[in-house]
Amino acid sequence: MLSTNHFLIIVGIVSILNPQHLAVEAGWRPISPSWASSVIRRSPLAASSSKQTHGRHLQHSASSQLTSLFGVGNVDLAISGQRKRCLASIITASIRGGDSSDADDEIAQSQDNDNNVQLENSEKLDKKSKQKDTEDDNDDERYSRQMYALGARAHKLVRSTTAILDGPLGGKKKLDSIESSIEAVRIEGADGFDGLNTDQDSISNAKSESTSGRSETPSGLLYEISKNLALSGVGRIILVQDDEESSGTDDANAGYFDGSLDDLGAAYHRAALAEIGVNGITNQDKRVLDGDDEEEGNSDITEDEFDSLNDGAILLSEYIQRLNPGVQVDIISRTKLLHLLCSHDVDDVDDDGSDDGQEEDNIISLGTNPVVVCVDRSITSQLEMNDACRDCSSSKPRVVPFISVETAGVHAKLFCDFGPKFIVVDEDGETTRATLLDGVKEIPENNDADESSDDLYTVNCLEGERHDVSKGDVIEFQGEHSDDIMSGKAVFPKCQVVSVKSPRCFMVREWDGESANHSESKKSADSSSMSSLLEGKARSFSRVKLPKQISFSSLRDILQPTEDAITMSNCCDDDTLFAPSDLDKSFDPLRRRAVMTSMAAVDAFVRKYGRLPSRSPKSRGGANSDGSKPKRTDVERFQSLVRKMTKDEDYSPANQEQWDLLITQFAQTCRAKFTPVQAFSGALGAQEVLKAANGLYNPVRQFLLYDCDEVLQQHSEEETEDNNNGVDENSSSTTASSGQSYILGDALSNKLARSRLFLVGAGAIGCELLKNLAAMGAGTGISNTKRGCLILTDMDTIEKSNLSRQLLFRDHDVGEFKSVAARAAMLRFSPECRVEAHTSRVGEEEDGPFDDDFWSSGCSLVLNALDNVEARLFVDSQCVAHGLGLIDAGTLGPKGNVQVVVPHESESYGSSSDPPEPDIPVCTLKNFPYEISHTIQWARDLFDGYFHRRPRQANDHVDEMAQSTDLTYFGQVLIEKLGDDAAVDMAEELGEDLGPFPFIVGNTDSSDPEYVLAVKKVSLNWAIQQAHRLFFVAMDELLQKHPIDSVDDDGARFWSGARRVPKPLRFIPLDSEDDEVSAQQLIINERIAQFVRSAARLRMESFLPVDGDDTLSYIGSEEALIALDEQAKILYKKKKPKEILHNLSGGGSSDSDDTLSLLLDKLNGAKTGASFLPRLNLADFEKDDESNGHVAFVTATSNLRAMAYGIPPADAMETRRVAGRIVPAMITTTGLVSALSCLELVKLLKGVPLSVHRNAFVSLALPFFAFTAPMPAEEVWGVNDKTHTIWDRITVKGSSKSPTQTMTLRKFLKKIQKKAGCGEGVEISSISYGPFLIYANFLHSHDEELLEASLLDTVRDAVISEDDDDDEMSLFDEDAEGDGEKKTSVERLLTAEQKTLLSKLEKKRFIDFSVAVEDEETGEEFELPPIRLIKERTQQNSDTEDVE
């Protein structure tokens, strides 16, 4: 029941919102206010971003009170700041128990200004609507690369996901009763203020009893998962905060995490404070509540607001919104969350969001797609949260997906429980591939073939094709184009694979679906289509992806804990519960049991001692001097707990040594956090959240264990002793990498800090590497001889699409250089780090700061974060040449790889290569496409030809044509240079591109409506002609050349295999008297109209000024249809179709016409147009700008051609991916490969054997992890039965008698023979410098002039003597008339590339030559190791003697 006071309050509120609502019904009922919007700022900091923080809390209370009274979700009123303050005054007065006279005055004032306020609201709502449309476009652009990996359906589900994160938030906890009571307000749709005491004295007493906890570092793993989820675009993140009154679970969690040894958490904490506390607030704190109240905006941070950053939840929430402003962030207490999870069943909620009178609605409070994640929490806490997610107390159990992730030293554990009936929609996310079909044959009845009575069929692929199916897969067949394809109706039955015979052959049976009844009806209905299949009417087949149901068990059911202890013995032997993460380790049952038992022992240790075990000095044994028993170390206590939890067989003599090592290492390192392991686990955990949200990819079932304990091996005794003595139970290191030093030792951490690391690329992988390196203390060390530094380079600038996977960049960074922005962000993570940022490209042709001096002494190790193979190969060659270690990483959607190159031991990146992607044959693109990728590539090439090549061609020749009095010479040169056919084609193009100008040129200004209208008319006519030419004429001519019933030279049907019969497409008016317009023809007409629209628009933009209004080139659908209709009527009325087609294709000349005459006839129109000296605009294909019409043209063109060939069409998103060659990218994969790269970096610095390093090949979709040792460098046989590898060099230096600068080629040959140990009978056959041949014995062995020439001069001549003619030669030389003077070789100008090569040659400290030698007796040829010629830097160096 509502009190009178409450009723009056509501009346006052309604009067503020809208005076028309004053007529409240006497029988009051909850109102569904259309004037309210649930856009209240859930961020606590923004909610308190005013000068009166306490007043803001009361305003939150007011909003929550309104929520409770009206029975709706949170309401943030779309009203002016003045009315908002009135509302706050009313509710605040009610809460405080005072009167509301001041509020009444404000109400009166607001009503006087009501008309102005309503106008203001209308303008704001209109502005918000437009802003929302812009934000939606930006949202698509932000997540564009991820959408190509997930797909639109899965991405939409991700955007609707609520990720609930429970982990150590760190910071200084400061919660008073008011903050505690309004936590529910931050959860949209929660029950609000049912626990608020409105007594003023109670509030004051609660404030006075507020307490402050100790300051601590947050969990780096929690920040890592939050970052990954925010950048992935989850719609909402809820942070779970510890209760004010600690419980047993909170106490266990408090001791379960030691923030002082979490380097990643400390780095994130520094970065968040630097961005928000210093820069973020002063620049972005204008976002007060809904951001509309300009009067309440405050550009200065208050002391209370800065103090609020001490709250770890507030700090993380603000940091998340800096990462992605589109993510809603809320905070809730653990008790409240458990209550919401366990309170009601989802099934009880109606579709409209109501809960039939219940007090709470879980769908509203936790969202429609919640996922709970426990991060670095005790097993006790995990059990409690998982039980709540399972909601076992409800009559209809509702399962919220549950994930737990934790790390302990070098170990990590992940657990997933998605419920007993979780549906996986797509297991791998791969696009199904159509495989060309040779035929399907029925197998005679054979009882041995299969036990079932179903008919079996053999499926054979076309020669050269390989299928991708496995036993149990369901496939579907595709045939020729028909009405059924366009209507989406299946014409062949689906079949299930029974067995696979070979890569080209397998057996199938007709798929019976899920139910027998459905199967029977289906078989009877599809009997005719099966006959069609056997008759060979199907042309290809592809896999059908079917949903799969997976059953998960809860953590409690698996562990079966007792009241006294939690053990892992009940699950360790069940292989089905563990997903492999390392083929060497995951299948070791002893290792699995040791790690799982150690995890349980940590929980028991914390519950017993209230803290984590620490690395302690070894027990000396015996009694103390006073005879007392010595105190046990933490490691011994830990081992004792493990012993109580394990079976006797684990202590068998065969396993004792390995068991003790695993347990001891775990106990010594579990207190600290290791950054690469945290980053690895954060990527895995976030990916599992996405899987739970959208059903895409196979989830982890159910445990996944990972460790990198190989980095702990081979510690020296001194290092181990230092580690033991350096940290006691209560110590906390203050170094930048205290956790890392705790695990690996100070020596290795200092070595990393003093290293000069060269990071090539600052994109997605580069940003993740920088973040990890900052946490690991890279670039912070200084010694007498070394000064650590990170050298970073990237020539690219930041785009909007980068923001979804590159954590260092923000919206305001768009357009900036990546390396510069990354350096600034990196310093927030590690202010002491020295970072050099460059914007230079790394490559052979570049003459920048990365010369031989840099590679020789400027860096000590290289990390690749590149996106192209060419740059990777160059960096790899430099690392091999200078003996540097290299770590390369790459991703493709959910797949990733890491390769480590160990100097002088492993093969290099360039030692092996992936097979190149097969090019599409020209004949397939031109005449015989059978996949949508073929039509997309054809359309992409057409775009370049129409709107780039042809305008450039016209611009290149317009002056010459305008100045020529007779085009005969011009035509003759065309024929001579290009040939008859190509010359005629070019003349026709010039006529089309320049010919229209006499008809459209007047005032060539886009502001002249007549000019624009003329351009539009000409462009529409041109586009219609192209549509006829491309989709009717060309295909009709192809069918005339190869009729449907024709055969090839071997007597086989011509239109078979990969060749699809095209169907000529033409526009037919609706009122045509000669042709019937079917439903299919309507679709064809619409597709042709789409092509004409897009083509005509781009054609107009070729003529209109570049800086003109884009809307001038807009052509509507009706406009295109009218133009098509008019032209078709005119053409078909006057001429026969055959004549029309020849005219449209530029025909009309007889076969006997002379080629030159035909060419000149086509050039006449171009000559007239060229006299106006027009300049056409060139269009470069831009895939990321939807407004430019580029993708629209390619999509319309591709789909129209696909329709003609019976190929299923593609949407604009898929077309953009193929045409733009977009590589799908996900932040989770990026984070994972970056973590593995940093792990290999540690191993390189530690100097572990090659067998300890690991190349990684991972797929988060399956999930699949393959770690293999790098291949050793291949040994190549040389002369005298000696071997060498790519790392070996033969060094040649000058001497006092023969310095390098004057060393002749003859002297160089002698030095090579001496150094390489070439005896008599072995002759040097060739010497090369890169691609340039310097010496060949069959050419130069008797060339005395060359042999006596300076070697360096010979190299220079070789560089500049290469054919420097441009690839695209001009058709007409400047001295064609004979007037120009020929340039001598001295006057010849060098190309830019040659100048760069010469410049780099001069700066080189040494030159590597490739040398081959030949055994004169056997004729066998050997390649020597690279011959390195050292160039003298000073005169003193010339006196150096030759040394190896």
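These numbers were taken from a predicted model, which means no experiment stands behind them.

(A) Focus on the overall build of the chain. A count of helical and extended segments in the chain gives 51 helices and 36 strands. The buried share among the 1444 residues of the chain stands at 54%. Pairs at least 24 apart in sequence give 76% of the contacts found in the chain among residues at least 6 apart. Accessible surface, the chain as shown: approximately 65,100 Å² in total, 48% of it carbon and sulfur.

(B) Structural detail: the sheet that holds strand β15 (residues 495-502). Spatially, 6 strands are ordered β12-β13-β16-β15-β14-β17 in a closed barrel, and the strand pairing comes out antiparallel. Mean inter-strand twist for the sheet, computed between neighbouring axes without regard to direction, equals 50°.

(C) Inspection of the nonpolar core at higher detail. By size, the foremost hydrophobic cluster in this structure holds 127 residues, and its most contacted members are Leu229, Ile237 and Phe674. Here this core takes 11 residues from helix α46 (residues 1227-1246), the largest share from any one element. The next biggest cluster of nonpolar side chains, apart from the first, holds 75 residues, and it includes Met1035, Ile1115, Val1191 and Val1218.

(D) Geometry of unusual backbone geometry. In the segment running from arginine 701 into glutamine 702, the intervening peptide bond is cis, with an omega of -20°. The topology assignment puts glutamine 702 in the loop between α26 (675-694) and β20 (703-707). A positive phi is found at aspartate 376, a non-glycine position, where the angle reads about 50°. Note on placement: aspartate 376 falls in the loop between β8 (369-375) and α18 (379-390). Owing to a relative accessible area of 1%, aspartate 376 belongs among the buried residues under this scheme. Positive phi values are uncommon outside glycine, yet tyrosine 697 reaches one of about 80°. Take tyrosine 697: it is sitting in the loop between α26 and β20.

(E) Spotlight on the confidence of the model for the chain. When pLDDT is averaged across the chain, the result is 77; 72% of the residues are at 70 or more. Here residues 515-525 is modelled with pLDDT under 50, and outside its nearest four sequence neighbours on either side it reaches 6 contacts, counting other chains as well. Every residue in residues 724-734 scores below 50 in pLDDT, and together they form 19 contacts with partners more than four places removed in sequence or on other chains.

(F) A look at the environment of leucine 790. Relative to the assigned elements, leucine 790 resides in strand β22 (residues 789-793). With 12 residues separating them along the chain, leucine 790 and alanine 778 place their C-alpha atoms 7.4 Å apart. Those residues in contact with leucine 790 that lie beyond four places of it in its chain are Leu757, Leu770, Leu773, Ala778, Met826, Cys833, Arg834, Val835 and Glu836.

(G) Representation of the sheet that holds strand β27 (residues 1255-1259) within the structure. Strand order in this open sheet of 8 strands is β23-β22-β21-β24-β25-β26-β27-β28, and the pairing throughout is mixed. Sheet topology places β23 (835-838) and β28 (1264-1268) at the edges, where each strand pairs with a single neighbour. Adjacent strand axes in the sheet meet at a mean angle of 10° when their direction is disregarded. Across 5 bridges, β27 lies against β28 in antiparallel orientation. The residue of β28 that forms the bridge with alanine 1256 is phenylalanine 1267.

(H) Here's a closer look at the pattern of salt bridges. Counted under the stated rule, the structure contains 60 salt bridges. Arginine 611 is paired through a salt bridge with aspartate 634; the nearest N and O atoms lie 2.5 Å apart. Here arginine 611 is found in the loop between α23 (589-609) and α24 (634-645), whereas its partner aspartate 634 is found in helix α24, with 23 residues between them in sequence. Here glutamate 836 and arginine 756 are joined by a salt bridge, their closest N and O atoms 3.8 Å apart. Of the two residues, glutamate 836 sits in strand β23 while arginine 756 sits in strand β21 (residues 756-760), which places them 80 residues apart along the sequence. According to the relative accessible area criterion, glutamate 836 is partly exposed, its value standing at 33%. The exposure class of arginine 756 is partly exposed, given its relative accessible area of 26%. Via salt bridges that share partners, Lys585, Arg591, Asp707, Asp709, Glu710, Glu1240 and Lys1243 belong to a single interconnected network.

(I) Inspection of the packing of aromatic side chains at higher detail. Taken as a whole and judged by the stated rule, the model has 38 aromatic pairs. The interplanar angle of 45° and the centroid separation of 5.1 Å between the aromatic rings of phenylalanine 418 and phenylalanine 552 together place this pair among those described as tilted. A residue pair is termed long-range when its members are at least 10 positions apart, and phenylalanine 418 in the loop between β10 (411-417) and β11 (422-424) and phenylalanine 552 in the loop between β18 (548-550) and α22 (555-559) qualify at 134 residues. For the pair shown, phenylalanine 418 and phenylalanine 552 are each scored as buried.

(J) Up close: the environment of isoleucine 887. You can see isoleucine 887 is positioned in strand β25 (residues 885-892). C-alpha separation for the pair isoleucine 887 and leucine 861, spaced 26 residues apart in sequence, amounts to 8.4 Å. Those residues in contact with isoleucine 887 that lie beyond four places of it in its chain are Leu861, Val862, Leu863, Asn864, Val898, Gln899, Val900, Ser1237, Glu1240, Leu1241 and Leu1244.

(K) How the structure looks around a negative patch on the surface. There is a patch of like negative charges on the surface, built from Asp796, Glu799, Asp867, Glu1182 and Asp1185. Summarising the element assignment, glutamate 799 is placed in the loop between β22 and α31 (818-829).

(L) Seen up close, helix α44 (residues 1190-1204). Taking 1.5 Å as the rise per residue, α44 with 15 residues should run 21 Å; its terminal C-alpha atoms sit 22 Å apart, in good agreement. Among the 15 residues that make up α44, 14 are buried, leaving the element largely enclosed by the rest of the structure. Looking at the residues trailing α44, positive phi occurs at glycine 1206, about 70°.

(M) Focus on the pairing of β10. In terms of residue burial, β10 counts as a mostly covered element, since 7 of its 7 residues are buried. Where burial is concerned, the two faces of β10 agree: the one with His411, Lys413, Phe415 and Asp417 and the one with Ala412, Leu414 and Cys416 are both buried. Sheet analysis places strand β9 (residues 402-408) next to β10, joined by 7 bridges and oriented antiparallel. Bridge pairing in β10 links valine 405 to leucine 414. In this structure, the hairpin formed by β9 and β10 is closed by a connection of 2 residues, where glycine 409 is found at a positive phi of approximately 65°. Note: β10 against β20, 5 bridges, orientation antiparallel. The partner of leucine 414 across the bridge, within β20, is leucine 704.

(N) Structural view of helix α47 (residues 1305-1316). Counted at 1.5 Å a residue, the expected span for α47 with its 12 residues is 16 Å, and the 16 Å between its end C-alpha atoms agrees. Taken together, the buried positions of α47 are Leu1305, Phe1308, Leu1309, Lys1311, Ile1312, Lys1315 and Ala1316. Across the axial projection of α47, the buried residues extend over an arc of 165°, all falling on one side. Exposed residues lying more than 90 degrees from the buried face of α47 are Lys1310 and Lys1314. Of the residues one or two after α47, glycine 1317 is the one with positive phi, at around 70°.

(O) The packing of α23 against α24, seen in detail. Two elements in contact, α23 and α24, have axes whose closest approach is 9 Å; the angle formed by their N-to-C orientations is 120°. For the element pair α23 / α24, the angle class is oblique. When you trace α23 past α24, the crossing you get is right-handed. Note on element contacts: α24 touches α23 through Asp634, Arg637, Phe638, Leu641, Val642 and Met645, opposite Thr597, Ser598, Ala600, Ala601, Val602, Ala604, Phe605 and Tyr609. Across the contact of α23 with α24, the residue classes tally to 10 nonpolar, 2 polar and 2 charged.

(P) Local environment of the pairing of β8. Judged by how many residues are buried, β8 sits mostly within the fold: 7 of 7 residues are covered. As judged from the 6 bridges shared by strand β3 (residues 161-166) and β8, these two strands associate in the parallel manner. Counterpart to alanine 163 in the pairing with β8 is valine 371. Sheet topology places β8 next to β9; 4 bridges connect them, and they run parallel. Note that in β9 the partner of cysteine 374 across the bridge is serine 404.

How each quantity is defined
- Residues numbered from 1 in each chain as written.
- Predicted model: local features only at pLDDT ≥ 70, side-chain atom pairs only at ≥ 80, totals over all residues.
- Heavy atoms only, no water.
- Helix = DSSP H or I, 4+ residues; strand = E, 2+ residues; numbered from the N terminus.
- Buried < 20%, exposed > 50% of the residue type's maximum accessible area, 1.4 Å probe, protein only.
- Contact = heavy atoms within 4.5 Å.
- Areas by Shrake-Rupley, 256 points an atom, 1.4 Å probe, with all protein chains shown as cover.
- Pairing = 2+ DSSP bridges.
- Axes fitted to C-alpha atoms, helices over the stretch in contact; angles between N-to-C directions.
- Core = buried A, V, L, I, M, F, W, Y, C linked by side-chain atoms within 4.5 Å.
- pLDDT = per-residue confidence, 0-100.
- Salt bridge = Lys/Arg side-chain N within 4 Å of Asp/Glu carboxyl O.
- Phe/Tyr/Trp six-rings, centres within 6.5 Å; stacked < 30°, edge-to-face > 60°.
- Patch = residues over 30% accessible without salt bridge, like charges linked within 9 Å, V, L, I, M, F, W, Y side chains within 5 Å.
- Lys, Arg positive; Asp, Glu negative; His and termini not counted.
- Charge placed at Lys NZ, Arg CZ, Asp CG, Glu CD.
- Expected span 1.5 Å × (residues − 1).
- Arc of directions from axis to C-beta.
- Parallel < 35°, antiparallel > 145°, perpendicular 65-115°, else oblique.
- Left-handed = near helix turned anticlockwise from the far one by under 90°.
- Nonpolar A, V, L, I, M, F, W, Y, C, P; charged D, E, K, R; others polar.

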